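So the chains spell out like this:
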Amino acid sequence: MEAHQHSPDSSSEECTVLEAPPDKNACPQHAGKVADLYCTDCECVLCEDCMSDHDEHPTIPLSQALEQHRSSLQERLGAVQNRLPQISDALSFIKEILQQLTSQRASIEEDIQSSFEDLHKQLDVRKSVLLMELEVTYGLKQKVLQAQVDSLTRGEGDIVATCTQSEEALAGEACVASLQAERELQEKLGELAGLGLPCQPEENDQLDLVLETDGLRKSIHNLGTIVTTSAVASQSEAMGAGLEQCIVGHPASVTIVTRDKSGGACKSGNAILSAEVFTPDGSIVDGEIVDHKNGTYEFVYIVPKEGDFSLALRLYDQHIKGSPFKLTVNRVLEAEVEVSPSTTTATSSAAYATPSTGSSEGAKRRGKSPGQKKKGSKRASSALGTPRRKTQNPIEDDLIFRIGTKGRNKGEFTNLQGVAASSSGRILIADSNNQCVQVFSNEGEFKTRFGVRGRSPGQLQRPTGVAVHPSGDIIIADYDNKWVSIFSCDGKFKAKLGSGRLMGPKGVSVDQNGHVIVVDNKACTVFIFQLTGKLITKFGSRGNGDKQFAGPHFAAVNKNNEIIVTDFHNHSVKVFTPEGELVLKFGSNGEGNGQFNAPTGVAVDVNGNIIVADWGNSRIQVFDGSGSFLSYINTSADPLYGPQGLALTSDGHVVVADSGNHCFKVYRYLQ
């Protein structure tokens, strides 16, 4: 058989034959065919062989379809890529919440450990006291009984011995020699017969222990609660007349319903909710949040002037549905009031405002100036402590200087609240919405500021009150963190107190024993702590009784160590002993001398006179130690708007947080 041989040329040609590359537009249904059309109904490519199945379907050139698909893809890509910044922000925010949650867990764990260690110590101390009391009581009773036993034992021994001797003498022969001995025995027996021995018990054997452990066990079983909610801002909502109508000087109410991520209503309270009513320039209106403990909350506020306002409702620092809400607040003009009774009713009804973008009618009022309407007297150097002098027109304004504008930089404020003054010539301002404390000299020179926003120990979420301890430590009430923070004089965090007890601390002060006075606005209670955090006592509850409060704000302490508290919604000032007994109450709702429209800041001078910031009337009043009105500080040239904290500087001036005007002001004060 002949072998087939290939020439070198033919072999090379066979090896270099390459397969043709497939057409990029090849029809997937028919091999070798090129697709050049696109069926828009079936969303597929077509070649000429495919057309028989798509005769009645609309088609477009394949190049046009590819361009449209590319354009659509590009558009969707852009839309999805645009979500990345939003997702990144959400991721950062949720990571921050997770970090705060972890920090809060560590803080609570520390509180639990320290609280139970303290309880263990107290139990050990009590055990030692009981054991010592047992030993002392036993020792006293045992000493009496043992002395009685010793006495009886000696008496018994003497009697037995003498009787034995007498029996032996009687058994012997009577003789002259035994006569003297028997006479002595007879005398001794006579003595023993009349010997007084303690035959009745002089003590008893009672040693009982009364230890009421059932109630304690029950208390321990229920001791402590981990408080949280499942509420989220994106599902929670607000309703009520306060979103629809508001009239100057009248309370308005808004109900907040908290809901979980699925929209289900939350059934428990204790959510961290904040509410602010503010003007376009940032002026803040104060109010009170009431927790109904069933997942709903009520925000009650009073607007002191007419104009356009916004209501911001935040749950865990996030706006709830619809927040911020737009409000227009109107007031009844004095000219409109002076009409017939029938007309007055209609005018008052029309004065209620509804949310709108229109401007309010009538002249806007910046705040009442005593020089414009009040009948108080301008203080002379002898005015305080003497009967009041009534004059119609006060003389020059008492303002020395003002510091601050709205902002977040040094010397700028956003909703400043508490004020304190140190003996070293410093003024401290609790800058609430900037989450810091700013420090100035008595002359208004900025010195420093400290504070980092957050919910961990050492951070500030909503500082509202500030005080200076005799040790130099700075004490800060943190309303939203629900505790009081203690910092060194140079702003270094040292400790916190009141965690787990406080619901909404607003103001702080220090008494003459160095104890920390905390005014809990939400709990309507005054707490007194040692600087170590140990609770000494507390007093007050919600209500309008003498020993009750409705949104108390700030406190001061007089030379008798009595605690002076401003009762915001009860429009009064109350003075208590350190034990919580009412000493004095003065003030009522109104605009006259000695009346209040929601008092806030309070201070006491060296003569015991009480200085009060009258928030709703935008003025500062002065009273003697018995609550009698003396005078006011003239603020007419640069009127206050919603004054908050108030203090006396080391050089004898009055410093007040003019919250609505984003500044603090220092006034002359003649003591």
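Residues numbered from 1 in each chain as written. Predicted model: local features only at pLDDT ≥ 70, side-chain atom pairs only at ≥ 80, totals over all residues. Heavy atoms only, no water.

Visitor: Explain the sheet that holds strand β26 (residues 552-557) residue by residue, including any values.
Guide: What the four strands build is an open sheet, ordered β26-β27-β28-β29; its pairing is antiparallel. In this open sheet, the two edge strands, each paired with only one partner strand, are β26 and β29 (582-586). The sheet shows a mean angle of 20° between the axes of neighbouring strands, direction not considered. Sheet topology places strand β27 (residues 563-567) next to strand β28 (residues 572-576); five bridges connect them, and they run antiparallel. Counterpart to Ile 563 in the pairing with β28 is Phe 576. (Pairing = 2+ DSSP bridges. Helix = DSSP H or I, 4+ residues; strand = E, 2+ residues; numbered from the N terminus. Axes fitted to C-alpha atoms, helices over the stretch in contact; angles between N-to-C directions.)

Visitor: Report on the environment of Ser 572, specifying residues and quantitative values.
Guide: You can see Ser 572 is positioned in strand β28. In contact with Ser 572, not counting residues within four places along its chain, are Val 565, Thr 566, Asp 567, Lys 585, Phe 586, Gly 587, Phe 596 and Pro 599. (Contact = heavy atoms within 4.5 Å.)

Visitor: Got a sec to walk through the layout of surface pockets? Specific residues and values, please.
Guide: The calculated volume of the second largest pocket comes to roughly 900 Å³. What lines the second largest pocket is a set of 37 residues, among which Ala 421, Ser 509, Val 510, Val 557 and Val 604 lie closest to the centre. Those elements that provide at least two residues to the lining of the second largest pocket are β14 (416-421), β18 (463-468), β22 (505-510), β26, β30 (599-604) and β34 (643-648). Here the lining of the second largest pocket is built from residues that sort into 20 nonpolar, 14 polar and three charged. (1 Å grid on protein atoms, 1.4 Å probe; cavity = no way out; pocket = protein on both sides within 12 Å on 5 of 7 lines; lining within 4 Å. Points joined across faces, edges and corners; volume = space filled by probe spheres on them. Nonpolar A, V, L, I, M, F, W, Y, C, P; charged D, E, K, R; others polar.)

Visitor: Can you explain the sheet that holds strand β32 (residues 619-623)? Please cite residues and give values.
Guide: On the basis of which strands lie adjacent, the open sheet formed by four strands has the order β30-β31-β32-β33 and antiparallel pairing. Strands at the two margins of the open sheet, each flanked by one partner only, are β30 and β33 (629-633). Between one strand axis and the next, the sheet turns by 25° as a mean value, whatever way the strands run. The pairing of β32 with β33 spans four bridges and is classified as antiparallel. Bridge assignment links Gln 621 to a residue of β33, and that residue is Tyr 632.

Visitor: Before we move on, can you summarise the side chain of Glu 288 with the specific residues and values?
Guide: Along the chain, Glu 288 falls in strand β8 (residues 287-291). Assessed through its relative accessible area of 6%, Glu 288 is described here as buried. Within the structure, Glu 288 has its side chain in polar contact with the side chain of Arg 542 (distance 2.7 Å). Discounting residues that sit within four places of it in the chain, Glu 288 has contacts with Glu 298, Phe 299, Val 300, Asn 521, Cys 524, Arg 542, Ala 550, Gly 551 and His 569. (Buried < 20%, exposed > 50% of the residue type's maximum accessible area, 1.4 Å probe, protein only. Polar contact = N/O pair within 3.5 Å; in protein donor to acceptor, adjacent residues only side chain to side chain.)

Visitor: If you had to explain the nonpolar core to someone new, which residues and values would you point to?
Guide: Ranked by size, the top nonpolar core spans 33 residues in total, and within it Ile 256, Phe 299, Tyr 301, Leu 311 and Leu 313 carry the most contacts. Listing elements by their share of this core, those giving two or more residues are β4 (232-239), β5 (251-259), β6 (273-278), β9 (296-302), β10 (307-315) and β12 (325-329). Structurally, this core is a two-domain feature, drawing no fewer than three residues from each of domain 1 (234-330) and domain 2 (399-667). Setting aside chain neighbours within four positions, we find Ile 256 in contact with Glu 237, Ala 238, Leu 273, Gly 295, Thr 296, Tyr 297, Phe 299, Leu 313 and Ile 320. (Core = buried A, V, L, I, M, F, W, Y, C linked by side-chain atoms within 4.5 Å. Domains from an automatic or database assignment.)

Visitor: A description of unusual backbone geometry should follow, citing residues and the corresponding values.
Guide: Of the consecutive residues Ser 323 and Pro 324, the connecting peptide bond is found in the cis state with omega at 0°. Note on placement: Pro 324 falls in the loop between β11 (318-319) and β12. A positive phi angle, near 50°, is found at Tyr 316, a position not held by glycine. Tracing the sequence through the fold places Tyr 316 in the loop between β10 and β11. The exposure class of Tyr 316 is partly exposed, given its relative accessible area of 25%.

Visitor: Account for the packing of aromatic side chains, naming residues and giving values.
Guide: Scanning the entire structure with this criterion turns up 15 aromatic pairs. The interplanar angle of 20° and the centroid separation of 5.3 Å between the aromatic rings of Phe 299 and Tyr 301 together place this pair among those described as stacked. For Phe 299, a relative accessible area of 2% puts it in the buried group. Given a relative accessible area of 0%, Tyr 301 falls into the buried group. Put simply, the rings of Phe 413, Phe 440, Phe 446 and Phe 664 pair up and form one aromatic cluster. Taking NZ or CZ as reference, Arg 462 lies 4.9 Å from the ring centre of Tyr 479, over its face. For Lys 496, the ring lying beneath its charged end belongs to Trp 483, and the centroid distance is 4.8 Å. (Phe/Tyr/Trp six-rings, centres within 6.5 Å; stacked < 30°, edge-to-face > 60°. Lys NZ or Arg CZ within 6 Å of the ring centre and 35° of its normal.)

Read these as geometric descriptors, not functional statements.
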